[in-house]
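Listed below are the residues making up each chain.
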Amino acid sequence: MAVGALPAAAGDRPPPPGLPLAQWWSVPLDGAVSAGPVSDGQRVYAALASALLTARDAKDGHEIWRQNRAVTLPMAADGELLFVASGDAIEALRGDTGKTVWTVPRTTPVAPLLAASGWVIATTETHIVLIRAATGEIVWQHAAGGIRLAPSLDGDRVYTGAEDGRVLALNVKDGSVAWEQFFTGGVTAIAAYRDRLYVGAGNKRLYTVDGAKSGEPKWNYRLDGLAAGRIEIDDAHVYVASLDNMIRALDRQNGGQRWQMGLRHRPYWGVRVAGHVVFVPVTSADVPMIYDHDGRAAGSLHLPDEALPNLPPAIVSTKDGTLVYAVTASQANEWQLTKFAPAGEAALIPIGTLAVMPGVPYLTDPTLAPIGNVLGLLILGDPRLMRFSEVDWPIVLRDPPLVPLTTLPGVQLRPLSPVLPVRRAGSGPGG
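This one's a predicted model, so the numbers in the text were calculated from it and none came from an experiment.

Undergrad: Explain the overall build of the chain here, please?
TA: Regarding its fold elements, the chain presents one helix and 36 strands. Per-residue burial over the chain gives 44% buried out of 431 residues. Relative to all contacts within the chain whose residues are 6 or more apart in sequence, the contacts with residues 24 or more apart total 42%. When the accessible surface of the chain is summed, it comes to about 22600 Å², and 54% of that surface belongs to carbon and sulfur atoms.

Okay, here's the thing in structure tokens:
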């Protein structure tokens, strides 16, 4: 299935590359999902509530490896490593094999892990912990509590927002406090980009402060609901979802509203921006999409079933365009993982390399009748009648006799004339 984009009006920017998106594959999962999906580009990972962690190939969804592991918090991937919180430890696993690279014991995160720029940042009940991603070395720990949001990393600063409204800016080098501030009503969303920090507060305002210096205020914007989930920022805009079911794009420099769009569902997970499209994951079978530059609707991404609470899709930008991995469940409690990618020709896979012929389990044999009765001269004689399930693969095709095609089932064509048409004087080019 594919989803289209609305045509651009005259003078507007052309539709961004990568739309429409189409479903490339969908695979069943062995039960309910507790964490994921998350992708490193080559693979996509999901953790099941039955204490099973599975890794699947991003190209076709086939399972690469699985292992018994109880994962309940969102995972993180960076490069060739997958980072998971399991039990009272944090582990780094090789993405291609699932083998453990390192383990940090006696560390129990209470917020999603953050993996970026060669670091893994974990938040426990009492500390912020900075870990070297390649080796598992704990570089520093800083006392902090009441944090349930994933931290944000920008340049040489780590930012955390607590439920009591305390925001800490920590130096990556040694974990020392660069500055701290309190925001009214607690912190509901937090993100950093290019030396600026954006904080959604409990008083329904979005605050912007100078992150590189002392947290000096820049501007704030009054929302009509609490900022929720992920905030996205680019060079022009700040994209924020609020619990009044609104998505807004604000000018990054001065906070002026550039556009807004209302939704039918609560955007608990915030927004994701990829390929100049703002995706709004919601608990529905449709993911709203909005053009980032003007707020026009860009259609909806149609999932096989409804998305689940606390399991937002993984939406990533790659050299091949925007990729979306979504976990859904049917009313019959059947779970599946689905990949969406830019619509176009699917990857070519030699038939001889397929272990199972695509579609064969879903095909039934038609009435056995001589095919020559239907297609006539298109084939050389009638083949031996065989049931489809008995056919061996690959099938070798040979050219039929080269004769004029005069009939097809349900189509009437006139015979080809052996006489070339007579060109009249003056009918040629320039005549």
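Undergrad: Honestly, the pattern of salt bridges in this entry has me stumped. Any pointers?
TA: Side chains that differ in charge, positive against negative, can pair when their charged atoms come close. This structure, assessed with the given rule, holds 18 salt bridges. Arg43 serves as the salt-bridge partner of Glu80, at 3.0 Å between the closest nitrogen and oxygen. Of this pair, Glu80 sits in the loop between strand E7 (76-78) and strand E8 (81-86) while Arg43 sits in strand E4 (residues 43-48), placing them 37 residues apart in sequence. On the basis of relative accessibility, which here comes to 37%, the residue Glu80 falls in the partly exposed class.

Undergrad: Explanation requested: the packing of aromatic side chains in the structure shown.
TA: We describe a pair of aromatic rings using the distance from one ring centre to the other and the angle between the two ring planes. Inspection of the entire model under this criterion finds seven aromatic pairs. Each ring, one from Tyr239 and one from Trp259, has its centre 6.2 Å from the other, and the planes form 45°; the classification is tilted. Taken as a pair, Tyr239 in strand E24 (residues 237-242) and Trp259 in strand E26 (residues 257-262) lie far apart in primary sequence, 20 residues in all. Trp259 shares its class with Tyr239; the two are buried.

Undergrad: It is not clear to me how the environment of Ile247 should be interpreted in this structure. Could you clarify?
TA: Tracing the backbone through its elements, the reader meets Ile247 in strand E25 (residues 246-251). Taking C-alpha positions, Ile247 is 8.6 Å from Gly270, a pair spaced 23 residues apart along the chain. Once residues within four sequence positions are removed from consideration, Ile247 is found in contact with Val240, Ala241, Trp259, Gln260, Met261, Leu263, Pro267, Val271, Val280 and Ile290.

Undergrad: How should the sheet that holds strand E19 (residues 187-193) be read in this particular structure?
TA: Each strand in a sheet pairs with another by means of backbone hydrogen bonds, the pair being arranged parallel or else antiparallel. Reading across the sheet, the four strands line up as E19-E20-E21-E22 and stay open at both edges, with antiparallel pairing between neighbours. Of all strands in the sheet, those with a lone pairing partner are E19 and strand E22 (217-222), marking the two edges. For this sheet, the mean inter-axis angle between neighbouring strands, taken without regard to orientation, is 15°. When strand E21 (residues 205-210) meets E22, the two strands line up antiparallel, connected through five bridges. Within E22, the residue paired with Leu206 across the bridge is Tyr221.

Undergrad: Looking at this structure, how should I read the side chain of Thr160?
TA: Its location among the elements puts Thr160 in strand E16 (residues 157-161). Once you skip the residues sitting within four places of it in the chain, Thr160 turns out to touch Ile128, Ile147, Pro151, Arg166, Val167, Leu168 and Ile190.

Undergrad: It is not clear to me how the pairing of E26 should be interpreted in this structure. Could you clarify?
TA: Regular strands show a simple pattern: their side chains alternate between the two faces of the sheet. Where E25 meets E26, five bridges bridge the pair, whose relative direction is antiparallel. By the bridge assignment, Met246 is partnered in E26 with Gly262. Here E25 folds back onto E26, and the loop between the two strands holds five residues, one of which, Gly255, carries a positive phi near 80°.

Thresholds, definitions, all that
- Residues numbered from 1 in each chain as written.
- Predicted model: local features only at pLDDT ≥ 70, side-chain atom pairs only at ≥ 80, totals over all residues.
- Heavy atoms only, no water.
- Helix = DSSP H or I, 4+ residues; strand = E, 2+ residues; numbered from the N terminus.
- Buried < 20%, exposed > 50% of the residue type's maximum accessible area, 1.4 Å probe, protein only.
- Contact = heavy atoms within 4.5 Å.
- Areas by Shrake-Rupley, 256 points an atom, 1.4 Å probe, with all protein chains shown as cover.
- Salt bridge = Lys/Arg side-chain N within 4 Å of Asp/Glu carboxyl O.
- Phe/Tyr/Trp six-rings, centres within 6.5 Å; stacked < 30°, edge-to-face > 60°.
- Pairing = 2+ DSSP bridges.
- Axes fitted to C-alpha atoms, helices over the stretch in contact; angles between N-to-C directions.

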